[in-house]
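Observations on the three-dimensional arrangement
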Amino acid sequence: MKITDLKIYLLDVPLRTPFITALRRVDQLTDVILELHTDTGNVGYGEAPPTKAITGETLETICADLNGPIRSALMKREIEDLSGCFRALDACMEHHTSSKACADIALYDLYGQLKEKSVAEILGRKREMLETDLTISVNDPETMAEDAEKGIRRGFRTLKVKAGIDPELDTKRLAAVRNAVGSNIAIRIDANQAWTPEQAVSILEEMQKKGINLELAEQPVKADDLDGMAFVTARSPIPIAADESCFSPDQAEYIFRNHCADLVNIKLMKTGGIHHALEITDLAEKYGASCMLGCMLEAKVSVNAAVHLACSRTCITKIDLDGPLLCAEDPVHGGSVFKGPEIYLSREPGSGIRKIDGLHVPEF
Ligand SMILES: C[C@H](N)C(=O)N[C@@H](CCC(=O)O)C(=O)O
Ligand SMILES: [Mg+2]
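Residues numbered from 1 in each chain as written. Chains lettered and ligands numbered in written order. Predicted model: local features only at pLDDT ≥ 70, side-chain atom pairs only at ≥ 80, totals over all residues.

In the annotation of an unreviewed UniProt entry, the entry for the chain reads Dipeptide epimerase, and the organism field reads Stecheria intestinalis. For the record of the chain, the UniProt heading Sequence similarities (unreviewed entry) holds the text "Belongs to the mandelate racemase/muconate lactonizing enzyme family." (UniProt positions renumbered as here; feature names shortened; annotations may be inferred.)

As structure tokens, then:
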């Protein structure tokens, strides 16, 4: 099975509510979709969201990467030689992790089709069902409490609550959410880099004193402030997860070795795909750490790839794969099935994605 063409499209999906974090606001999801075509007629699907605030990438850069260096690296390559494909992909440019993830996901899809096994089976499937959290955007405390109640009515038992815009309001926000959902719901907080290290410790202590009872706090301080992360981790009353601070296996190893965080949030869009995400899970196993598997604001193609990975590694104990659940529609046919907080893994060969409605060709 040989790669004969790369076709690049955009996918627009309306959101249930605007997605608001300390880093950005998004009113509609628009992602890049890659179709990898082969001489056997098989097609592999990939997806990449433009998360400029985190990876530096835009729709334009992702399309240019796929049309330029990634096309040159992958054209005419044999899918049987999957590691050769990854070497070519890694060597074709520095950084640009979402573009590379998009290609990596499509390559795994094709490799599974070639071997007539699901991606999870190829990776060593350990389970077939996951339970994800649901993200609550930053807003005023009343709106966040209402959104949290709606999430609980949809069956979610874990909420990931965004914080960090006007940090002085954060304790009120989290108290309102806790009050609305009661004590049986797990609450994670994600400040998306908004706090200083001292502020993070004092906010988290205050929240715990008020009985908000958080499960963990994600990325309290700036991504490149690993000393600050270590400062917070050493003093925080709850576990700290590194998200924007952890893209590569090298960064993960530094974080584990120096205890800059208690766990890392792996996202395919930061690692450059499944093949590097696996290196981080190997390191987590070496250091006896656990991982969260997260996503950006993504539709079901790339989140489905993350589901295959999460079902294959037991060190992944926390699931934040709610991208498709934040969307008002699902234009992606096949792949994992999302039912409330439960995600059921596809057993079809490859990733299981069959068709995507509403794709359009980029005009740039
Ligand atoms: C969507 C997911 N639950 C999430 O919150 N992901 C990111 C933010 C991604 C984005 O801005 O697209 C996170 O910080 O964990
Ligand atoms: Mg995060």
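Some details on the nonpolar core
Counting residues in hydrophobic clusters, the biggest one holds 118 residues, and the most contacted among them are Leu34, Cys102, Val177, Val264, Cys291, Leu293 and Ala306. Both domains that furnish three or more residues to this core are identified here as domain 1 (2–116 + 356–360) and domain 2 (121–354). If sequence neighbours within four positions are ignored, Cys102 has contacts with Val32, Leu34, Gly46, Glu47, Ala48, Ile62 and Leu66. (Core = buried A, V, L, I, M, F, W, Y, C linked by C-beta atoms within 7 Å. Buried ≥ 20, exposed ≤ 12 C-beta atoms within 10 Å, placed from the backbone. Domains from an automatic or database assignment. Contact = placed C-beta atoms within 7 Å.)

Points about the domain arrangement of the chain
Here the chain is partitioned into domain 1 (2–116 + 356–360) and domain 2 (121–354). At the junction of the two partners, domain 1 supplies 43 residues and domain 2 supplies 39 residues. Elements that contribute at least two residues to the side of domain 1 that touches domain 2 include exactly strand E1 (3–20), strand E2 (25–38), strand E3 (43–48), helix H1 (52–55) and helix H4 (97–115). Sort the elements by how many residues they give to the side of domain 1 that touches domain 2 and H4 lands first, with 13 residues. Of the residues belonging to the side of domain 1 that touches domain 2, the class tally is 23 nonpolar, eleven polar and nine charged. (Helix = DSSP H or I, 4+ residues; strand = E, 2+ residues; numbered from the N terminus. Nonpolar A, V, L, I, M, F, W, Y, C, P; charged D, E, K, R; others polar.)

Some words on the sheet that holds strand E4 (residues 129–131)
As summarised here, the arrangement of the three strands in space is E4-E15-E14, forming an open sheet in which the pairing is antiparallel. Pairing within the sheet leaves two strands with one partner each, and these edge strands are E4 and strand E14 (337–339). If you compare each strand with its neighbour and ignore which way they point, the axes differ by 20° on average. Bridge analysis of E4 against strand E15 (residues 342–344) gives three bridges, and the strand direction is antiparallel. In the strand pairing of E15, Leu130 is matched with Ile343. (Pairing = 2+ DSSP bridges. Axes fitted to C-alpha atoms, helices over the stretch in contact; angles between N-to-C directions.)

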